[in-house]
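Here are the chains, one letter per residue:
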Amino acid sequence: MDRELPSDPSSVTLVKDRSGRYFVSFVVETDPAVDLFPPTDGDQGIDLGLTRFAVLADGSHIASPKYLRRAEKKLKKRQRELSRKKKGSNNREKARIKVARGHASVADARRNFHHQWSHKLTSENQAVYTETLNVRGLARTRLAKGVHDAGWTQFVTMLEYKAIRRGRDFAKVDRLFPSSQICSACGHRDGPKPLRVRHWTCPNCSTRHDRDWNAGRNVRLEGRRIVAPAEPSTPGPGARRR
């Protein structure tokens, strides 16, 4: 699709990736006010996961597309074909490009998915809050492939820059915040639970919780606390004015 640049580019960069594709990037000046969205009501808390890509505070969820898992069989076949080619031959280079294009296709699909949802969430909400995950730590466990496939870091980065560009509030909730342990209805902290526990009932108020939905609601509550403006302190009756 063709479109006009907002101004004459100050520099142009041409890049060729490993799959043989060419990309051109332009550096241009833009008016920040153009990117601002009109204020809207509502905010959203996001609990990220693997079974479901994200569960939102309003009870809806984003299904995990699992692009890498779906392409894994074809990628393995291309990798085997590459390993059989003679090193330094033209056929090996052709096979290498096929492998690179397969991985590029997966990365492009994932990036497009992240763009679509980060656009939707920052367009429809005045504030967006998400949890901070220990991606490096999780990438060293048996969940590594799923973590890589989800691409949480890229998604959160998109959420943040789009929220700032559009004049929305954005906050990351610390990964040590016990979002899965707190009852979002009454605030009672019920302690840690193994991952196999997907539903639980608060012993204090008897509210039945979906683990991820409850976590999304708690992320939203904590996000609101983080971005709330500090209230000015009121001097006590014995305080002296200066």
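Analysis parameters
- Residues numbered from 1 in each chain as written.
- Predicted model: local features only at pLDDT ≥ 70, side-chain atom pairs only at ≥ 80, totals over all residues.
- Heavy atoms only, no water.
- Helix = DSSP H or I, 4+ residues; strand = E, 2+ residues; numbered from the N terminus.
- Expected span 1.5 Å × (residues − 1).
- Bend = angle between axes of the 7 residues up to and from the residue.
- Buried < 20%, exposed > 50% of the residue type's maximum accessible area, 1.4 Å probe, protein only.
- Contact = heavy atoms within 4.5 Å.
- Polar contact = N/O pair within 3.5 Å; in protein donor to acceptor, adjacent residues only side chain to side chain.
- Axes fitted to C-alpha atoms, helices over the stretch in contact; angles between N-to-C directions.
- Parallel < 35°, antiparallel > 145°, perpendicular 65-115°, else oblique.
- Left-handed = near helix turned anticlockwise from the far one by under 90°.
- Patch = residues over 30% accessible without salt bridge, like charges linked within 9 Å, V, L, I, M, F, W, Y side chains within 5 Å.
- Areas by Shrake-Rupley, 256 points an atom, 1.4 Å probe, with all protein chains shown as cover.
- Salt bridge = Lys/Arg side-chain N within 4 Å of Asp/Glu carboxyl O.
- Pairing = 2+ DSSP bridges.
- 1 Å grid on protein atoms, 1.4 Å probe; cavity = no way out; pocket = protein on both sides within 12 Å on 5 of 7 lines; lining within 4 Å.
- Points joined across faces, edges and corners; volume = space filled by probe spheres on them.
- Nonpolar A, V, L, I, M, F, W, Y, C, P; charged D, E, K, R; others polar.

Trainee: So what about helix H2 (residues 67–84)? Which residues, and what values?
Mentor: Since there are 3.6 residues in each turn of an α-helix, residues three or four apart along the chain are aligned in direction. The first and last C-alpha atoms of H2 sit 26 Å apart over 18 residues, in line with the 26 Å expected at 1.5 Å per residue. A maximum bend of about 45 degrees is found in H2 at Lys 73. Regarding H2, the residues found buried are Leu 68, Ala 71, Glu 72, Leu 75 and Leu 82. In this structure, the buried side of H2 is in contact with helix H3 (90–124) and helix H5 (144–150).

Trainee: Describe the side chain of His 114, and please don't skip the residues or the numbers.
Mentor: Within the fold, His 114 resides in helix H3. Engagement of the side chain of His 114 in a polar contact is seen with the backbone oxygen of Ala 150, the distance being 3.0 Å. Apart from residues lying up to four places away in sequence, His 114 is in contact with Phe 53, Ala 150, Gly 151, Gln 154, Phe 155 and Met 158.

Trainee: Please set out the packing of H3 against helix H6 (residues 152–165) residue by residue, giving values where relevant.
Mentor: Where H3 meets H6, the closest approach of the two axes is 9 Å, and the angle between their N-to-C directions is 40 degrees. For the element pair H3 / H6, the angle class is oblique. Regarding H3 and H6, the two cross each other, and that crossing is right-handed. Contact residues: Arg 110, Arg 111, His 114, His 115, Trp 117, Ser 118, His 119, Leu 121 and Thr 122 in H3; Gln 154, Phe 155, Met 158, Leu 159, Tyr 161, Lys 162 and Ala 163 in H6.

Trainee: Could you give an account of a nonpolar patch on the surface, naming the residues involved and the relevant values?
Mentor: Taken together, Leu 5, Val 12, Leu 14, Tyr 22, Val 24 and Phe 26 make up a surface patch of nonpolar side chains, about 610 Å² in accessible area. A total of 3 residues in the nonpolar patch trace back to one element, the largest contributor, which is strand S2 (residues 22–27). With respect to the helices and strands, the residue Phe 26 is situated in strand S2.

Trainee: Residue-level account of the pairing of strand S6 (residues 127–131), with values.
Mentor: Counting buried residues in S6 gives 5 out of 5 residues, a clear majority hidden from the surface. Residue alternation in S6 divides its side chains into two sets, Ala 127, Tyr 129 and Glu 131 and Val 128 and Thr 130, and both sets are buried. For strand S3 (residues 43–48) and S6, the ladder comprises 4 bridges, and the chain directions are parallel. Across the sheet, residue Gln 44 finds its bridge partner in S6, namely Val 128. Inspection of the sheet shows S6 paired to strand S7 (residues 169–173) by 5 bridges, in the parallel sense. Counterpart to Glu 131 in the pairing with S7 is Val 173.

Trainee: Which residues make up the layout of surface pockets, and what values go with them?
Mentor: Considered as a void within the structure, the largest pocket measures approximately 910 Å³ in volume. Taken together, 30 residues make up the lining of the largest pocket; nearest its centre are Leu 48, Leu 133, Ser 180, Leu 195 and Arg 211. Those elements that place two or more of their residues in the lining of the largest pocket are S3 and helix H7 (211–227). The element best represented in the lining of the largest pocket is H7, accounting for 3 residues. Of the residues belonging to the lining of the largest pocket, the class tally is 13 nonpolar, 7 polar and 10 charged. Looking at the second largest pocket, its volume works out to about 510 Å³.

Trainee: Provide a residue-level description of the sheet that holds S6, including the pertinent values.
Mentor: Strand order in the open sheet formed by 5 strands is S5-S4-S3-S6-S7, and the pairing between neighbours is mixed. Every interior strand has two partners, whereas the edge strands, strand S5 (61–63) and S7, have only one. Geometrically, the sheet is characterised by an average inter-axis angle of 20 degrees between neighbouring strands, direction not taken into account. Examined bridge by bridge, strand S4 (residues 52–56) and S5 share 3 bridges and lie antiparallel to one another. Bridging across to S5, Ala 54 finds its partner in Ile 62. Here H7 sits on the sheet and contacts S3, S4, S6 and S7; the angle it forms with S3, its principal contact strand, is near 130 degrees.

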